[in-house]
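One-letter residues, chain by chain:
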Amino acid sequence: METVTAAVTHDPPGPASGRPGKPLILTEDADLLDDLLRLCAAAGATPEVHHGVPEPRGSWEAAPLVLVGDDAARRVRGAGRRGGVVLVGRDQDDSGVWRRAVEIGADHVLMLPDGEQWLVDRIADVAEGVGRPALTVGVIGGRGGAGASTLACALAVTAAREGLRTLLVDGDPLGGGLDVVLGGEAAAGLRWPAFAGSRGRLGSGALEESLPELHSLRVLSWDRGDSVAIPPQAMRAVLAAARRRGGAVVVDLPRRIDDGVAEALAQLDVGLLVVSAELRAVAAARQVASAVQLLLRDLRVTVRGPYAPGLDDQEVARLLDLPLMGEVPVEPGLLRPHEHREPPGAAARGPLARFCREFWERALCEVRVG
């Protein structure tokens, strides 16, 4: 028997304080308890242990995850129904486990040792206080110089200013480094080469704390050494950890789609294709869009002026057959190079910040409605 999961229609309750809660283990089976304690330790969680439903039942109701040993199923039948209950057993041939799972309202039935990795991941989610995943947005230029990196930085700066936990990921090793765009090339913290060998699960809290903090957001960029490609396993691990922290994740992507970029595209909620409003740029953007859409369903176009004769933002969107997100406004200060300028989107009342704020309001509304 493999790990089988039932449909979960609600999030498990969390502690009232908003901090990560302790998983609750209910069993009298000493061997099973040893295994569950071992898996909790591997996931970085310290559980609360009882033989049956604790009295008073505050722990039963508040625990973000309840692991019920099959031996304790009968003692749990009278407890109030709640989400986040896993019935854990060992007998692969016991068909009665499904009846007992229904009786206690379990969301999942899990058999050890086959389901150990799934359970470690679920417990780790609890230890990290996982809630709604981050809204993850990718920005990609229709051609070189379209302004994708500028827009990605402005989106991240705006999200952080609006109070969202924000992570900006530089997915382009040849782009010069987004930390430079934000004026933080000397800031302490890890860069991409430190994560290039990542496999499996990264701790989302550890990832966040290891990165440079610039303008109230965290930035994963490149160092000044030789550029390296991002292995797909590393991109998967980093973005999965970033998404588990909630808030907003912005990824600046190159036009060339290698395996690492393909992995990033697969994890995006929405992509923004930045297109300059002239015919050669539109032709180049069409090729980029056709490749991106093989991996990303929700791709939208943003247009940058000035406009060539006969073009406007609506016509560019029509030529690309993509939904129009809007016209990216010109931020006058960004056109005047000097050493200590503010990052893109830093002027809260500027046109670029307004564009980004309207994007986040619309995108977050779509997520809530969806």
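As the structure is a computational prediction, the values presented were derived from the model and not from experiment. (Residues numbered from 1 in each chain as written. Predicted model: local features only at pLDDT ≥ 70, side-chain atom pairs only at ≥ 80, totals over all residues. Heavy atoms only, no water.)

Draft legend 1. Spatial organisation of the packing of helix α1 (residues 30-42) against helix α5 (residues 116-127). Two elements in contact, α1 and α5, have axes whose closest approach is 8 Å; the angle formed by their N-to-C orientations is 55°. For the element pair α1 / α5, the angle class is oblique. In this structure, the crossing between α1 and α5 has a hand that is right-handed. Residues L36, R38, L39 and C40 of α1 touch α5, and the partners they reach there are E116, L119, V120 and I123. (Axes fitted to C-alpha atoms, helices over the stretch in contact; angles between N-to-C directions. Helix = DSSP H or I, 4+ residues; strand = E, 2+ residues; numbered from the N terminus. Parallel < 35°, antiparallel > 145°, perpendicular 65-115°, else oblique. Left-handed = near helix turned anticlockwise from the far one by under 90°. Contact = heavy atoms within 4.5 Å.)

Draft legend 2. Geometry of helix α12 (residues 313-320). By the burial criterion, the buried members of α12 are D313, V316, A317 and L320. Projected onto a plane normal to the axis of α12, the buried residues spread over an arc of 95° and lie on a single side. Away from its buried face by more than 90 degrees, α12 exposes Q314 and R318. Summarising the contacts, the buried residues of α12 are in contact with β12 (270-276), α11 (279-292), β13 (299-304) and β14 (324-328). Where α12 begins, one side-chain oxygen reaches toward the backbone nitrogen of Q314, 3.2 Å away; that side chain belongs to D312. (Buried < 20%, exposed > 50% of the residue type's maximum accessible area, 1.4 Å probe, protein only. Arc of directions from axis to C-beta. Polar contact = N/O pair within 3.5 Å; in protein donor to acceptor, adjacent residues only side chain to side chain.)

Draft legend 3. Examining the sheet that holds strand β10 (residues 217-220) more closely. Reading across the sheet, the eight strands line up as β9-β10-β8-β11-β7-β12-β13-β14 and stay open at both edges, with mixed pairing between neighbours. If you trace the sheet from one side to the other, it starts and ends with β9 (213-214) and β14, each paired once. Sheet topology places β12 next to β13; six bridges connect them, and they run parallel. Among the inter-strand pairings, S276 is bridged to a residue of β13, identified as R304. (Pairing = 2+ DSSP bridges.)

Draft legend 4. Structural context of the side chain of Q267. With respect to the element layout, Q267 can be found in helix α10 (residues 259-267). The class for Q267 is buried, based on a relative accessible area of 14%. In terms of polar contacts, Q267 uses its side chain to reach the side chain of E263, at 3.3 Å. Setting aside residues up to four positions removed in sequence, Q267 forms contacts with T136, M235, R236, L239, A240 and R243.

Draft legend 5. Looking closely at α11. Compared with the 20 Å implied by 1.5 Å per residue over 14 residues, the 20 Å span of α11 between its first and last C-alpha is a close match. Taken residue by residue, α11 has A281, V282, A285, V288, A289 and V292 as its buried positions. The arc that holds the buried residues of α11, viewed along the axis, is 120°, so those residues lie on one side. What points out from α11, more than 90 degrees from its buried face, is the exposed set L279, R280 and Q287. Buried-residue contacts for α11 involve β7 (135-141), α10, β12, β13 and α12. Its side-chain oxygen at 3.0 Å from the backbone nitrogen of R280, E278 defines the N-terminal cap of α11. (Expected span 1.5 Å × (residues − 1).)

Draft legend 6. Fine view of unusual backbone geometry. In this structure, the amide linkage connecting L112 to the following residue, P113, adopts the cis form with an omega of 5°. Residue P306 is bonded to the preceding G305 through a cis peptide linkage, with omega at 5°. Position of P306 relative to the elements: it lies in the loop between β13 and α12. Phi is positive for H215, close to 55°, though the residue is something other than glycine. Structurally, the position occupied by H215 is in the loop between β9 and β10. Judged by relative accessible area, which is 36%, H215 ranks as partly exposed. Of note, D321 is a non-glycine position whose phi angle comes to about 55°, a positive value. In this fold, D321 is placed in the loop between α12 and β14.

Draft legend 7. Looking closely at empty space enclosed by the protein. By the definition in use, this model includes one cavity of 30 Å³ or more. Estimated volume of the largest cavity: approximately 90 Å³. Contributing elements (two or more residues each) for the lining of the largest cavity: β8 (166-170), α8 (204-210), α9 (232-244) and β11 (248-253). Looking at the lining of the largest cavity element by element, the count peaks at three residues for α8. Residue composition of the lining of the largest cavity, by class: six nonpolar, three polar and four charged. (1 Å grid on protein atoms, 1.4 Å probe; cavity = no way out; pocket = protein on both sides within 12 Å on 5 of 7 lines; lining within 4 Å. Points joined across faces, edges and corners; volume = space filled by probe spheres on them. Nonpolar A, V, L, I, M, F, W, Y, C, P; charged D, E, K, R; others polar.)

Draft legend 8. Fine view of the nonpolar core. Among the nonpolar cores identified, the biggest contains 43 residues, and W192, L273 and L320 are the most heavily contacted of them. At the level of secondary structure, the elements contributing two or more residues to this core comprise β8, α9, β11, α10, β12, α11, β13 and α12. The greatest single-element share of this core, amounting to seven residues, is contributed by α9. Residues A152, A160, V328 and W360 belong to the second largest nonpolar core, which totals 33 residues. (Core = buried A, V, L, I, M, F, W, Y, C linked by side-chain atoms within 4.5 Å.)

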